[in-house]
Amino acid sequence: MWGILIAAISGALMSIQGVFNTEVTKQTSIWMSAAFVQITAFAVCVIAWFLTGRESSVGALFQVSPKYMLLGGAIGAFITITVIQSINAIGPARSAMFIVAVQLLVSYIIELFGMFGMDRQPFEWRKCIGLVIIITGIVVFKFK
């Protein structure tokens, strides 16, 4: 239950953040907005790290293996930019639907093939049917 609550909070925060970032972009630029998001996120994380006891050191980052796992922040910058652009182009609701649908599809592919160190999961028709239902919902929502 805790995981579902945290996921719901995450989804709500992502939607709110996307709208905020889109508005900042309209008044500045895409790169300035994305940079500000990343810098403020970094500041919050450093403060939280100091306040929570620093259970690991910065040096632990150099021990991460495989090294490509450290690309999360760079990917985050592109996530910020693409979310801003999609909300600006199609609005927050449609944007969120497409983002979530693609997240589910890509996540399922990662599970099926055991990519990036994840445990490989067996194929399940019910998950494919769920994806089709989500895509159908997007089509229904998209048309006026």
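Source: prediction; values computed, not measured.

**Brief notes about the overall build of the protein**
- A tally of helices and strands in the protein yields five helices and zero strands.
- Counted from the first residue to the last, the protein has its helices and strands arranged as α-α-α-α-α.
- Counting only C-alpha atoms and orienting by the principal axes, one finds that the protein spans roughly 50 × 45 × 30 Å.
- Counting only residues that meet the buried cut, the protein has 16% of its 144 residues in that class.
- At a minimum sequence separation of 6, the contacts of the protein that also span at least 24 residues come to 53%.
- For the protein, the exposed surface amounts to about 10,900 Å²; the carbon and sulfur share of it is 75%.
- Averaging the locations of the 9 positively and 5 negatively charged side chains of the protein gives two centres separated by 10 Å.

**Structural notes on the confidence of the model for the protein**
- Residues of the protein with pLDDT of at least 70 account for 99%, and the chain-wide mean is 90.
- Per-residue pLDDT, averaged within each element of the protein, yields its smallest value for helix α5 (residues 125-142) (88) and its largest for helix α2 (residues 30-51) (93).

**Side note on the packing of aromatic side chains**
- Evaluation of the coordinates by the stated rule reveals three aromatic pairs.
- Ring centres of F123 and W125 lie 5.0 Å apart, and the angle between their planes is 90°; on these two criteria the pair is classed as edge-to-face.
- Overall, the relative accessible area of 44% leaves F123 in the partly exposed class.
- Residue classification places W125 among the exposed residues on the basis of a relative accessible area of 63%.

**A look at a nonpolar patch on the surface**
- On the surface, a nonpolar cluster with roughly 1,100 Å² of combined accessible area is contributed by Y68, M69, L71, I75, I79, V102, L105, V106, I109, F113, M115 and F116.
- Breaking the nonpolar patch down by element, the ones donating at least two residues are α3 (72-90) and α4 (92-113).
- Among the elements that make up the nonpolar patch, the one with the highest residue count is α4 (five residues).
- With respect to the secondary-structure elements, V106 resides in helix α4.

**Here we look at the pattern of salt bridges**
- Scanning the model with the defined rule gives four salt bridges in all.
- Across the pair K26 and E23 runs a salt bridge, and its minimum N-O distance is 3.2 Å. On the criterion of helical spacing, the pair formed by K26 and E23 is a turn pair, its members being three residues apart in helix α1 (residues 2-27).
- We classify K26 as exposed; its relative accessible area is 54%.
- Its salt-bridge partner being E111, residue K127 comes within 3.7 Å of it at the nearest N-O pair. With a gap of 16 residues between them, K127 in helix α5 and E111 in helix α4 connect regions that are remote in the sequence.

**Observations regarding α4**
- In this model α4 runs 31 Å from its N-terminal to its C-terminal C-alpha over 22 residues, within 8% of the 32 Å that 1.5 Å per residue would give.
- Within α4, the full set of buried residues consists of S95, A101, Y108, I110 and L112.
- Where α4 is buried, its residues contact α3 and α5.
- Just beyond α4, the residue with positive phi is G114, at close to 60°.

**Describing unusual backbone geometry**
- Cis geometry is adopted by the peptide bond preceding P66, which originates at S65 and carries an omega value of -10°.
- Among the secondary structure elements, P66 is positioned in the loop between α2 and α3.
- Backbone geometry at F116 places phi at a positive 55°, although glycine is not the residue there.
- Checked against the element boundaries, F116 lands in the loop between α4 and α5.
- The exposure class assigned to F116 is partly exposed, which follows from its relative accessible area of 45%.

Scoring rules and cut-offs
- Residues numbered from 1 in each chain as written.
- Predicted model: local features only at pLDDT ≥ 70, side-chain atom pairs only at ≥ 80, totals over all residues.
- Heavy atoms only, no water.
- Helix = DSSP H or I, 4+ residues; strand = E, 2+ residues; numbered from the N terminus.
- Buried < 20%, exposed > 50% of the residue type's maximum accessible area, 1.4 Å probe, protein only.
- Contact = heavy atoms within 4.5 Å.
- Areas by Shrake-Rupley, 256 points an atom, 1.4 Å probe, with all protein chains shown as cover.
- Lys, Arg positive; Asp, Glu negative; His and termini not counted.
- Charge placed at Lys NZ, Arg CZ, Asp CG, Glu CD.
- pLDDT = per-residue confidence, 0-100.
- Phe/Tyr/Trp six-rings, centres within 6.5 Å; stacked < 30°, edge-to-face > 60°.
- Patch = residues over 30% accessible without salt bridge, like charges linked within 9 Å, V, L, I, M, F, W, Y side chains within 5 Å.
- Salt bridge = Lys/Arg side-chain N within 4 Å of Asp/Glu carboxyl O.
- Expected span 1.5 Å × (residues − 1).

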